[in-house]
Amino acid sequence: MRLSALLGDAAAIAADATVTGFAIDHRKVAPGNLFGAFEGLRVNGEDYIDAAVEAGAVAVVARPGAHVEGAVHVADDNPREAFARLAARFYAPFPATAVAVTGTNGKTSTVEMTRQLWRMAGEHAASIGTLGVTTADERVVTGLTTPDVVTFLSNVAGLAREGVTHLAFEASSHGLSQYRTEGLPVRAAAFTNLGRDHLDYHGDMAAYFTAKLRLFAQVLSDDGSAVVWADDPQSERVIDIARERGNRVVTVGEHGDDLRLIERVPTLLGQGLVIRAGGVDHRVQLPLIGGYQAANALIAAGLVIATGGDVATTIAGLARLQPVRGRLERAAITASGAPVYVDYAHTPDAIEAACAALRPHVAGRLILVVGAGGDRDRGKREPMGQVAAAAADVVIVTDDNPRSEDPAAIRAELLEGAPGAREIGDRRAAIAAALREAAAGDIVLIAGKGHEQGQIVGDLVLPFDDVAVAREMAA
Ligand SMILES: CC(=O)N[C@H]1[C@@H](OP(=O)(O)OP(=O)(O)OC[C@H]2O[C@@H](n3ccc(=O)[nH]c3=O)[C@H](O)[C@@H]2O)O[C@H](CO)[C@@H](O)[C@@H]1O[C@H](C)C(=O)N[C@@H](C)C(=O)N[C@H](CCC(=O)O)C(=O)O
Ligand SMILES: Nc1ncnc2c1ncn2[C@@H]1O[C@H](COP(=O)(O)OP(=O)(O)OP(=O)(O)O)[C@@H](O)[C@H]1O
Ligand SMILES: N[C@H](CCC[C@H](N)C(=O)O)C(=O)O
Ligand SMILES: [Mg+2]
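Residues numbered from 1 in each chain as written. Chains lettered and ligands numbered in written order. Predicted model: local features only at pLDDT ≥ 70, side-chain atom pairs only at ≥ 80, totals over all residues.

Here we look at the sheet that holds strand 20 (residues 422-423)
The test is simple: The rule for pairing is simple: two strands pair if DSSP sees at least two bridges between them. Each helix is a run of H or I in the DSSP string that is no shorter than four residues. Each strand is a run of E no shorter than two, and both are numbered from the N terminus. Any pair of residues counts as being in contact when their C-beta atoms, constructed from backbone geometry, are within 7 Å of one another. In this analysis, axes come from line fits to C-alpha atoms, helices being fitted only over the stretch in contact, and the angle between any two N-to-C directions falls in the range 0 to 180 degrees.
The strand order 16-17-21-18-19-20 describes an open sheet built from six strands, whose pairing is mixed. The sheet terminates laterally at strand 16 (329-333) and strand 20, the two strands that pair on one side only. The pairing of strand 17 (residues 339-343) with strand 21 (residues 443-447) spans four bridges and is classified as parallel. Residue pairing in the sheet places Val-340 in a bridge with Val-444 of strand 21. Sitting on the sheet, helix 16 (residues 427-437) touches strand 17, strand 18 (366-370), strand 19 (394-397) and strand 21, and the angle it makes with strand 18 is about 175°. Across the sheet, helix 17 (residues 466-474) touches strand 16, strand 17 and strand 21, and the angle it forms with strand 16 is around 20°.

Here it is as structure tokens:
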């Protein structure tokens, strides 16, 4: 693509260059690239403009005040957004049907279920999120929930080239604030719930919620649909924004109008659901336990239906959903017969939801192994401890991903909320202790790391897999 075709202004025409790609890190600039220079949390990308030009950048998207020499300066007050829109024009075409999911908890589960439902309907579908880029054939890990804009848009274009027509992706609050997905038309956007997380980055709950709401206020296409979990206290805000913009609103949940959850009966390995849609009651056996997975399944069904899926077929498909990795995954059964579950709960609400999911199945005690990640919202730690103490019968506080923090200090903050808890820093030892403690009728829940394959300690990623450790200890 010619730079003049992308920008169309005099400077671009004069430069008469061919654009070869986009980069936001100067170390990844190749000759002919457009470089995006953004102010970050750690450094200012504008400091690398000269180096990017040196490496062959033909244009630089940066604030009007930035100094650009030797390349075309694309000046914009919001360089991240301007960059994303140009990148989208370069990388297009994209899958015709893209949907996005935001919310504190449930994004990964919902995009994965949406992908599965589409596949059951015979569509060529993919998902992008915490688990990576997932298609029917493979999964490629990207490291972030919403990858950076270049990785995201180039991957989405790659999926389209492979024939993917349907994409469900996670729109994290960081991703929304940083315009990581702008330019990809979003035909439906879903809201799962709002709880405490990431206040280290956003400052307060209002700013965190505003970041998420941008999905509905700005990212969702004008003629797109908003799919809203109606049972969250914040749902009205989302619905109001969608109505104001004239988007179609699809509400799901006990208070939902479009997919109303009439009945939910936990069974040994799943739950029986009655879902009312268009005045008809549909009965379906969801093969996953936990109210929270029923919520995510309904939101996924809402997204599929909002983008043209048949109502009865989609609801019937819920009976064939496969479990999502690390979300209430049954990892092992102890010698004494106690099931051991691994779950990615790393917020107060998620710990509550995961414990509530297991409670109907607990005859004896619920034994919880829990920790919190370092370099992340510190204020969520004490509430996580409080919820753990209230929802479980035995709490063992351990390390999650300490990152650059002192693990003992993180544990101390959790213990503020759970003074009666046991403290075992070493995660392997904590899991071993929980499994030893468990008797017949008890259930062990290992929370916080779900599918993760490593434990981040300082700059090191040490191999660690909760499911594998649980299996090893149970054997
Ligand atoms: C807080 C946050 O979102 N940080 C991400 C963000 O950093 P930033 O914009 O603040 O970047 P910075 O490091 O200050 O650098 C500024 C700019 O200079 C550029 N640069 C930097 C250094 C250099 O030598 N040359 C250069 O050009 C950078 O590419 C960047 O564009 O952009 C970087 C480049 O894409 C990301 O690597 C980085 O993710 C860090 C590693 C991270 O841990 N992010 C987490 C918190 C995150 O994004 N999580 C969310 C939510 C998780 C969830 O709840 O699911 C996610 O979507 O994964
Ligand atoms: N709808 C829900 N309501 C409450 N809690 C939930 C819900 N869905 C999932 N959870 C809890 O949150 C955990 C994380 O779920 P999931 O990975 O689907 O969320 P996420 O929003 O993608 O998280 P992340 O922000 O890390 O990407 C689950 O393991 C579970 O404990
Ligand atoms: N996407 C989330 C995942 C947290 C998982 C937990 N294991 C932790 O490390 O805090 C984050 O980056 O905040
Ligand atoms: Mg996720």
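Having seen the model, we can carry on.
As for the UniProt feature "binding site: UDP-N-acetyl-alpha-D-muramoyl-L-alanyl-D-glutamate" (unreviewed entry) in the protein
The line we're drawing: UniProt positions are given in the numbering used here, feature names are shortened, and annotations may be inferred rather than shown by experiment. The exposure label follows from counting other C-beta atoms within 10 Å of a residue's C-beta, where the C-beta atoms are placed from the backbone and the thresholds are 20 or more for buried and 12 or fewer for exposed, leaving partly exposed in between.
Mapped onto the present numbering, the UniProt feature "binding site: UDP-N-acetyl-alpha-D-muramoyl-L-alanyl-D-glutamate" (unreviewed entry) falls on Thr-145, Thr-146, Ser-172, Gln-178 and Arg-180. For the residues just named, distributed over 36 residues, the greatest C-alpha separation is only 12.9 Å, placing them together at one site. Positionally, Thr-146 belongs in the loop between strand 8 (139-140) and helix 6 (149-161). When near neighbours in sequence (up to four residues on either side) are disregarded, Thr-146 contacts Phe-152, Glu-170, Ala-171, Ser-172, His-174, Gly-175, Arg-180 and Thr-181. When you line up the elements, Arg-180 lands in the loop between helix 7 (173-177) and strand 10 (186-191). Assessed through the 25 C-beta atoms surrounding it within 10 Å, Arg-180 is described here as buried.

Let's talk about helix 10 (residues 235-245)
Applicable threshold: Note that the arc is defined by the directions from the helix axis to the C-beta atoms.
For helix 10, every residue scored as buried is listed here: Ser-235, Val-238, Ile-241 and Ala-242. Buried residues in helix 10, looked at end-on, bunch into an arc of 130°, giving them a common side. Opposite its buried face, helix 10 presents the exposed residues Glu-236, Arg-243 and Glu-244, each directed more than 90 degrees away. Here the buried face of helix 10 lies against strand 10, helix 9 (205-219), strand 11 (220-229) and strand 12 (248-253).

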